Every structure is written in C-alpha cells, then in structure tokens.
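# Chains, contacts and geometry: an overview
In case you want the letters, here they are:
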Amino acid sequence: MAALKITIYCFFFLQVLLCLLSSCALTNAQGLKVGFYNKACPKAELVVKKSIFDMVKKDPSLGPPLLRLFFHDCFVRGCEGSVLLELKNKKAEKNAPPNLSLEGFDFIDNIKAALEKECPGIVSCSDVLALVARDVVVALNGPSWEVETGRRDGRVTNINEATSNMPSPFSNITTLITQFQSKGLNKKDLVVLSGAHTVGDAHCPIVRNRLYNFTGKGDSDPSLDKEYAARLRRKCKPTDTTTDLEMDPGSFTTFDKSYFKLVSKQRGLFQSDAALLNNQETKSYVLMQTKRYGSTFFKDFGVSMVKLGRIGVLTGRVGEVRKNCRMVNKY
Ligand code: HEM
C-alpha cells in the first residue's frame with residue numbers, strides 16, 4: 001500500500017515538473033516571452049506593425065532612426081525605455097553627445113498614443129521600441145524574428161551613463177569587443193548587429209577626421225578606400241555639419257547584406273565599421289556574407305536582436321508601464 005502511495009505521489013510530482021518545464025520553454029529566464037500581450041492587448045503587435053508599414057510606405061528614410069533607438073536604449077541601463085525620458089535640467093540620456101542625432105521620438109509617441117487608446121496602461125514603452133525595431137527591418141525588406149515582450153519601463157535616466165556606455169564610431173575593434181562583451185554580447189553579435197548600418201544615414205562630422213586629418217598631419221585614414229574617400233570629400237567639406245551621408249549608398253532604405261560588401265572593400269563609413277576587419281572572427285564573418293550563396297546574415301540578425309533585447313530588462317513587478325514615454329508616471 002505504502003509503495004502504491006509513493007508511486008502515485010511520484011507520478012503527480014513528475015506531472016507538475018513537466019508542466020512547469022513546458023511553460024518555462026515559452027518564458028525565458030528573465031520573464032520575457034513571445035506573445036506577452038496576447039491576452040491583455042491582443043492587437044498590440046498589429047497596431048505597431050500597421051503604424052510602421054504606413055510610415056515606411058510614405059517615407060522609408062524615417063525607419064532607420066527607429067531601429068537605432070532600440071540599440072541606444074538597450075546599451076544604457078538595459079532595454080527599459082530610458083532613452084525616451086526627458087528631464088527639465090536637460091541631463092537625460094537623450095541629451096548626451098552620442099544621442100543628439102537620435103530621431104523618431106515623435107513617432108514613438110504616436111504609436112504609444114494609439115496603444116493607450118487600444119488598451120490603456122498595458123504596453124510598455126520599452127516593448128514599443130523592441131517591436132518597432134523588428135517591424136522597421138521587415139518593412140525595409142529585411143528579415144523577421146519573434147520579439148520577446150514583457151519589458152517594463154525604468155524611472156531613471158542619466159546623461160553621463162549614455163556618454164560612457166554608447167560605443168563610439170571612432171572606436172577600435174578591441175574597445176568595441178569589450179563594450180559589447182560588457183553587455184553580454186559576443187564578437188559575432190558585434191559584427192552581425194553592425195550590419196544594421198545597411199540602412200540609414202550619418203552626418204559629415206563623424207567622418208571628418210577620416211577624410212581630412214587622421215593623424216593630425218592633414219592626411220586621410222589609410223584604411224578607407226581612396227576613391228571612396230575622394231567621393232566623401234566632395235560631399236563633406238571640412239566645416240560641414242549638416243549634410244547627410246547614406247551609410248550604404250544606393251540602398252540606404254533597403255535592409256540587405258550589402259553593408260558587408262562595403263566593409264570588405266574598405267568602404268565602411270565609420271572607423272568602427274572598418275575595425276571589423278581587424279579581428280580574425282569579425283573579419284571572416286564579414287567576408288562570408290559577401291559570398292553569393294550561404295549568407296547567414298538575415299537569420300543571424302534576428303538571433304542577435306533577441307539577445308540585444310534581453311539586456312538588463314525589468315520584468316514582473318519591477319519598473320512600470322509608462323503612460324507617456326517621455327516621463328515617468330506620477331503616483
Ligand atoms: C557597433 C557600434 C556602433 C556604433 C559606433 C554606431 C554609431 C553610429 C553613428 C555614429 C551613426 C550616425 C549618427 C549620425 O551622424 O547621424 C549611426 C547610425 C545608425 N546606427 Fe549605429 N552604431 C553602432 C551599432 C549599431 C547597432 C547595433 C544598430 C542597430 C541594431 C545601429 C543602427 C544604426 C542605424 C539604423 C543608423 C542610421 C540612423 C539614421 O538614419 O538616422 N547601430 N550609428
């Protein structure tokens with residue numbers, strides 16, 4: 001009799017264990033999960049997707065800045081929407097030098113307003129950024145991936161943290177690798193995510209030193225293709241601060257793998273793009289993507305974006321769901 005009881009207990013214990021394990025498969029360790037809003041706001045992902053597709057149809061150049069916002073959010077305090085916050089004293093992340101060229105905040109406000117109308121107080125600003133990043137890539141003909149959601153928004157933003165955490169376009173490969181590693185991202189993630197520079201544009205000051213004064217002797221960067229440098233010099237005069245430069249000339253509104261071709265030909269725009277050729281692993285990834293067949297970039301990009309989206313997230317009861325992405329809730 002006792003043996004039968006033990007067998008029954010064991011059976012139930014196993015059932016509970018299996019049940020727990022299967023639900024864990026859907027929810028990752030940090031409490032994010034694909035389809036987090038399925039019950040509480042079933043149309044959430046649809047609202048975001050429609051807004052992005054409508055916007056990109058009207059003007060595709062509005063998409064890339066929104067993809068960039070997600071990266072800048074996640075690298076400072078984690079993916080918790082702090083890049084969107086404003087402070088009266090102008091000492092928020094968005095006031096830091098690496099963030100002064102960020103754009104698209106109004107668009108995030110519009111999506112958030114549409115979501116608040118659909119289901120008030122449910123969808124966090126940090127999840128809006130994660131969904132927007134994916135939908136922008138898809139709308140620009142790039143790959144799709146399943147976005148984990150369930151992030152909550154932080155209540156802190158600090159200008160100095162953005163300055164010290166954001167990778168610089170002037171960085172060498174060692175610094176870039178270290179900075180990505182400090183966020184739990186490896187060399188492969190670094191080279192894969194840099195592929196986001198297949199879309200969007202930059203401004204002349206970022207490349208000025210590469211064109212006019214690389215070592216302080218009026219020279220140009222030897223790691224920049226000479227013909228390409230001459231073309232860039234025609235566009236960017238030494239004092240130009242406003243001209244836009246397409247990062248992937250000719251297809252800067254199409255998410256494709258041509259970034260890697262550019263980098264392999266020493267036509268990456270920033271020193272940080274060119275630096276990818278200075279490490280064995282990142283270099284061989286770049287070269288592999290330039291082959292006619294066998295490019296893994298599209299699949300890899302989704303995988304690395306999911307990893308990016310897990311950095312320092314707030315879930316469960318930590319943080320809040322902001323009503324207005326620009327300010328913390330008042331209690
Ligand atoms: C590896 C380190 C990175 C550095 C140093 C870097 C730096 C920069 C800089 C300096 C700009 C141009 C700013 C301007 O002059 O307007 C830029 C643009 C951009 N970055 Fe990065 N970035 C990096 C990684 C990433 C990642 C991981 C993503 C996304 C996953 C990303 C997405 C973008 C996009 C889409 C643009 C174009 C934005 C626009 O059109 O306004 N970047 N990046």
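Because the structure is a prediction, the values reported are computed rather than measured. Position labels on residues start from 1 in each chain and follow its written sequence. The predicted nature of this model means local features are confined to residues of pLDDT at least 70 and side-chain atom pairs, given and counted, to a pLDDT of 80 or more, with totals for whole chains, interfaces and linings taken over all residues. To get the side-chain values, take all heavy atoms of the structure and skip hydrogens and water.

### Concerning the domain arrangement of the chain
What fixes the domain bounds is an automatic or database domain assignment. Under the domain assignment used here, the chain contains domain 1 (33-165) and domain 2 (173-304). Relative to domain 2, the C-alpha centre of domain 1 lies at a distance of 24 Å. Surface buried jointly by domain 1 and domain 2 totals about 1,300 Å² across both partners, of which 75% is contributed by carbon and sulfur atoms. The largest per-residue losses of area from domain 1 upon contact with domain 2 belong to Phe75, Leu140 and Pro143, which jointly make up 38% of the total buried on that side. Polar contacts here mean pairs of N or O atoms no more than 3.5 Å apart (in protein, one a potential hydrogen donor and the other a potential acceptor; neighbouring residues in sequence count only if both atoms are side-chain atoms). Where domain 1 packs against domain 2, one counts three residue pairs in polar contact (both at pLDDT 80 or more). Every helix listed is a DSSP run of H or I at least four residues long, and every strand listed is a run of E at least two residues long, numbered separately from the N terminus. When contributions to the side of domain 1 that touches domain 2 are tallied by element, the ones reaching two or more residues are helix H3 (63-74) and helix H6 (159-165). If you tally residues by element for the side of domain 1 that touches domain 2, the top one is H3, at three residues. The nonpolar class holds Ala, Val, Leu, Ile, Met, Phe, Trp, Tyr, Cys and Pro. Asp, Glu, Lys and Arg form the charged class, and all remaining residues, Gly among them, are polar. Residues of the side of domain 1 that touches domain 2, tallied by class, amount to nine nonpolar, five polar and no charged. As used here, buried area is the combined drop in accessible area, with a 1.4 Å probe, of two parts when they are placed together.

### A few points about the packing of helix H8 (residues 187-194) against helix H14 (residues 297-308)
With their axes 9 Å apart at the nearest point, H8 and H14 run at an angle of 110° to one another. The angle between H8 and H14 falls in the class roughly perpendicular. The hand of the H8/H14 crossing is left-handed. The segment H8 lies against H14, with Lys188, Asp189, Val192 and Leu193 engaging Phe297, Asp300, Phe301, Ser304, Met305, Lys307 and Leu308. Looking at the contact of H8 with H14 residue by residue, the class counts come to six nonpolar, one polar and four charged. Axis definition: a line fitted to C-alpha atoms, limited for helices to the stretch in contact. Angles are taken between N-to-C directions and run from 0 to 180 degrees. For classification purposes, an angle smaller than 35 degrees is called roughly parallel, one larger than 145 roughly antiparallel, one from 65 to 115 roughly perpendicular, and anything else oblique. Two helices crossing with the near one rotated counterclockwise from the far one by less than a right angle form a left-handed crossing, whereas a clockwise rotation gives a right-handed crossing. Note on definitions: a residue-residue contact is assigned when non-hydrogen atoms from the two residues lie within 4.5 Å.

### Some points on the state of the cysteines
The term disulfide is used for any two cysteine sulfur atoms that are within 2.5 Å. Under the counting rule described, the total for this entry stands at four disulfides. Through a disulfide, Cys74 is tied to Cys79; the S-S separation comes to 2.2 Å. Because the torsion about its S-S bond is 120°, the bridge between Cys74 and Cys79 counts as right-handed. Note on accessibility: Cys74 and Cys79 belong to one class, buried. What pairs with Cys204 in a disulfide is Cys236, and their sulfur atoms sit 2.0 Å apart. Measuring handedness by torsion sign, the sulfur bridge of Cys204 and Cys236 sits at about -75° and is left-handed. Pair noted here: Cys204 is in the loop between strand S3 (201-203) and helix H9 (208-212) and Cys236 is in the loop between helix H10 (226-235) and strand S4 (244-246), with a separation of 32 residues, a long-range link. Exposure class is identical for Cys204 and Cys236. Each is buried. Categorising residues by exposure relies on relative accessible area from a 1.4 Å probe, with only protein chains included: less than 20% of the type maximum marks a residue as buried, more than 50% marks it as exposed, and the intermediate range marks it as partly exposed.

### Focus on the layout of surface pockets
For each structure, a 1 Å grid was placed over the protein atoms alone; sets of points admitting a 1.4 Å probe that cannot get out are labelled cavities, open sets with protein on both sides within 12 Å along at least five of seven lines are labelled pockets, and lining residues have an atom within 4 Å of a point. Grid points are joined across faces, edges and corners, and a volume is the space filled by probe spheres set on the points. Taken as a whole, the largest pocket spans an internal volume of roughly 1,200 Å³. For the lining of the largest pocket, the elements supplying multiple residues, two or more each, are H3, helix H7 (173-181), H8, S3, helix H12 (271-274) and H14. Looking at which element gives the most residues to the lining of the largest pocket, the answer is H3, with seven residues. Looking at which domains feed residues into the lining of the largest pocket, each of domain 1 (33-165) and domain 2 (173-304) gives three or more. In this structure, the second largest pocket encloses a volume near 220 Å³. As for the second largest pocket, its lining consists of Leu85, Glu86, Leu87, Lys88, Arg155, Val156, Thr157, Arg326, Met327, Val328, Asn329 and Lys330. Grouping the constituent residues of the lining of the second largest pocket by class yields five nonpolar, two polar and five charged.

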